[in-house]
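# Geometric and topological summary
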Amino acid sequence: DPEPAPGFGMGNLTYIPPRLVPLSGLALPEPRPAGTAEAMIYDSLAGDGSSIRVLPATRDALLAHYVAQGFKPVWLEDGKLNARGVAVLAQLAAADQEGLDPQNYLPTGLESFSSTLPETDSAAMARLDIDLTAAALRYARDASGGQFDPRLLSSYNDIDPPWIAPEKALKVIAWSPYPVEYLKSLNPTHPAYAAMRNALAGLRAKETGAPFEPIAAGPVVGPGKSDPRIPALRQRLAERGYASGQPAVSDAALFDQPLSDELRRFQKDSRIRVTGLLGPQTLRALNENSSASNIDRLRTNMERLRWLPRDLGKRYVFVNPPAYEAKVIDHGEDVWATRVIVGKPDTQTAAFHDEMEFLVFNPSWGVPQSIILKEYLPRLRRDPGYLDRIGFQVVNQQGKVVPSRSVKWWGFGQSVPYGILQPPGDKNALGEIKFMFPNSHDIYMHDTPNRDLFDNETRAFSHGCVRVQNPREFAAVVLGWSAEEVDSHIATAESETVRLEHKLPVHIGYFTAWPDSQGNMRYFNDIYGRDKAMETARSATLVAQN
């Protein structure tokens, strides 16, 4: 197994919400203004009353704005909330449509978004002006880059979210006649986000509709048979995002082949035996009322979409470990896809963004020191000539190849002053090609001689790198070569590095929900427990704010 050192175990962290500060009790550099509305804003900022709590950077940006404008209200006209303010308040109230929690944006002084505004209390309205500004800034931050810092959720998240700076957002929010349109524009524009948003609305509508009706028990049914449960089966598959279509004949109870094909897709995605038949195990899976859990999953994955760069590139590689899949995307279209093997739960494939720079045909493999210590050294102590027999080379500190049997392996403990190299060949752990995007995680994509592992539905077997099922096809797509050109370079059996004419962005994410090419939502197992970690973080944030 050629990947780097074992990492951080499961890597999920105890989330600690960021420190928040109040928007009151502030030392103001200016004298109290004469205007009534301005004086009330001044008093609210300087006083010790109840206040929404914000990040320090938000407080600094908000205070700088009010000071620069002589404490003029942002949302009030003649002591009342103007049309811009009413529209923003309504947008914050609808934050759940974007997978966000509206309670995070409720100004202090309001019990709910439907509460009557305290228009007869000028001090309360001044407080509302400040808190609505702060809430809009929090929404801007959350919409643009997410509610959570991914690096505080998992040690395997190496992602810098594209949060908009509060002072930049405030320049638009305070002066634009269309602040709601601006806030909406900060949400991700990726088509997957729109698909998740629509799926979320559909699941919530279903929760408020007719009660969930399980499909009745009965005999095993397959293609060519009729059964009164078939219309319910078609409906349930459609609800789960599978295009069950209409029967080929007028018999609505007929179990036809297209329905069996869709049922096989459902079984595969549900990690149950793939038969294409309606049997007891499949029936149990279909009768699970998954709406509530899928709502949570959609919210979680909408958050992860906010972490992505807004510009992924016109052409890029996208790897999704929970789906065990890698794709090449060109101008928004999936042009190539392959099965992949990813890291085990205790040596996960990290989430990060980089650029592929070169490929190596017929690569040699330099065994990482960690794998030498953990996996090779115990055997070499018992069998010093082991590496000689399997065709590996031992290199001393002067770069000279020495026989494995000549090294006193039993004398080493925490480090080994030798390198171990596997030359190119049919049995090389990297296979025929490796795809390099140099990064601090020592993660790359590569071939493997263990191709039978791709037949498994669950493919978390590596130390972190991504093994590709069809590396020759991948090389042809990445380099723009013909299959014959790729084959000719491999046929030399000589190690060769080929640089890409243009660097290719590589995005390794982690999505347990993702739409297929028809826009139907597919759900995947949380192989690294990162969904659960985010749910825990939501709870921790709620407690910290109350």
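Below, the structure is looked at part by part. (Residues numbered from 1 in each chain as written. Predicted model: local features only at pLDDT ≥ 70, side-chain atom pairs only at ≥ 80, totals over all residues. Heavy atoms only, no water.)

Here we take up the overall build of the protein chain. From N to C terminus, the protein chain includes 16 helices and 19 strands. Principal-axis analysis of the C-alpha atoms places the extent of the protein chain at approximately 90 × 75 × 45 Å. In the protein chain, which comprises 546 residues, the proportion classed as buried is 49%. Within the protein chain, contacts between residues separated by at least 24 positions form 70% of all contacts whose residues are at least 6 apart in sequence. Across the protein chain, the 58 positively charged side chains and the 65 negatively charged ones have centroids separated by 5 Å. (Helix = DSSP H or I, 4+ residues; strand = E, 2+ residues; numbered from the N terminus. Buried < 20%, exposed > 50% of the residue type's maximum accessible area, 1.4 Å probe, protein only. Contact = heavy atoms within 4.5 Å. Lys, Arg positive; Asp, Glu negative; His and termini not counted. Charge placed at Lys NZ, Arg CZ, Asp CG, Glu CD.)

What follows covers the packing of helix α1 (residues 36-46) against helix α4 (residues 122-145). In the contact formed by α1 and α4, the axes pass within 9 Å of each other and the chain directions differ by 70°. Relative to α4, the element α1 lies roughly perpendicular. Here α1 contributes M40, I41, S44 and L45 to the contact with α4, which in turn contributes S122, A123, A126, R127, D129 and I130. Per-class residue counts for the contact of α1 with α4 are 6 nonpolar, 2 polar and 2 charged. (Axes fitted to C-alpha atoms, helices over the stretch in contact; angles between N-to-C directions. Parallel < 35°, antiparallel > 145°, perpendicular 65-115°, else oblique. Nonpolar A, V, L, I, M, F, W, Y, C, P; charged D, E, K, R; others polar.)

This part is about helix α11 (residues 291-307). Taking 1.5 Å as the rise per residue, α11 with 17 residues should run 24 Å; its terminal C-alpha atoms sit 25 Å apart, in good agreement. With 13 of its 17 residues buried, α11 lies for the most part within the structure. (Expected span 1.5 Å × (residues − 1).)

As a further point, take the environment of Y386. For Y386, the location among the structural elements is in helix α13 (residues 386-389). Since its relative accessible area comes to 16%, Y386 is described here as buried. Placed 18 residues apart in sequence, Y386 and S404 show a C-alpha to C-alpha distance of 7.2 Å.

On to the packing of aromatic side chains. By the definition in use, this model includes 17 aromatic pairs. The interplanar angle of 75° and the centroid separation of 5.1 Å between the aromatic rings of Y42 and F71 together place this pair among those described as edge-to-face. Within this pair, whereas Y42 is found in helix α1, its partner F71 is found in the loop between α2 (56-68) and β3 (76-77), the two being separated by 29 residues in sequence. On the accessibility criterion, Y42 (13% relative accessible area) is buried. (Phe/Tyr/Trp six-rings, centres within 6.5 Å; stacked < 30°, edge-to-face > 60°.)

It is worth spelling out the nonpolar core at this point. L45, Y66, V88, L92, Y139, I173 and L183 are the most contacted members of the largest nonpolar core, which totals 47 residues. Residue assignment for this core shows that the elements contributing at least two residues are α1, α2, α3 (83-93), α4, α5 (166-175) and α6 (179-185). The dominant element in this core, judged by the number of residues it contributes, is α4, at 12 residues. Sequence-distant contacts of V88, that is, excluding residues within four places in its chain, are made with W75, L132, A136, P179, V180 and L183. In terms of nonpolar packing, the next biggest core, distinct from the first, is built from 37 residues, F361, F435, M445 and V506 among them. (Core = buried A, V, L, I, M, F, W, Y, C linked by side-chain atoms within 4.5 Å.)

With respect to topology, 4 strands assemble into an open sheet ordered β9-β12-β10-β11, the strand pairing being antiparallel. Strands with a single pairing partner mark the edges of an open sheet, and in this sheet they are β9 (365-366) and β11 (401-402). (Pairing = 2+ DSSP bridges.)

What follows covers the pattern of salt bridges. For the structure on display, the rule yields 22 salt bridges. Here E457 makes a salt bridge to R339, at a shortest N to O gap of 3.4 Å. Of this pair, E457 sits in the loop between β14 (445-446) and β15 (460-462) while R339 sits in strand β7 (residues 333-343), and the two are 118 residues apart along the sequence. Relative accessible area serves as the criterion here: at 22%, R339 is assigned to the partly exposed category. It is possible to trace a salt-bridge network through shared partners that takes in D149, R151 and D160. (Salt bridge = Lys/Arg side-chain N within 4 Å of Asp/Glu carboxyl O.)

For the rest of this paragraph, the subject is the side chain of D142. One can find D142 in helix α4. By relative accessible area, which is 3% here, D142 ends up buried. Side chain to side chain, D142 and Y105 meet in a polar contact 2.7 Å long. Not counting residues up to four positions away in its chain, the partners in contact with D142 are L100, Y105, Q147 and R306. (Polar contact = N/O pair within 3.5 Å; in protein donor to acceptor, adjacent residues only side chain to side chain.)

Once that is clear, we can look at helix α7 (residues 191-207). The α-helix advances 3.6 residues per turn, and as a result positions three or four apart in sequence lie on the same side. With 17 residues, α7 should reach 24 Å at 1.5 Å per residue; the first-to-last C-alpha distance of 25 Å fits that figure. Of all the residues in α7, the buried ones are A192, Y193, A195, M196, A199, L200 and L203. In an axial view of α7, the angular spread of the buried residues amounts to 155°, which keeps them on one side of the axis. Structural note: α7 exposes P191 and N198 on the side pointing more than 90 degrees away from its buried face. (Arc of directions from axis to C-beta.)

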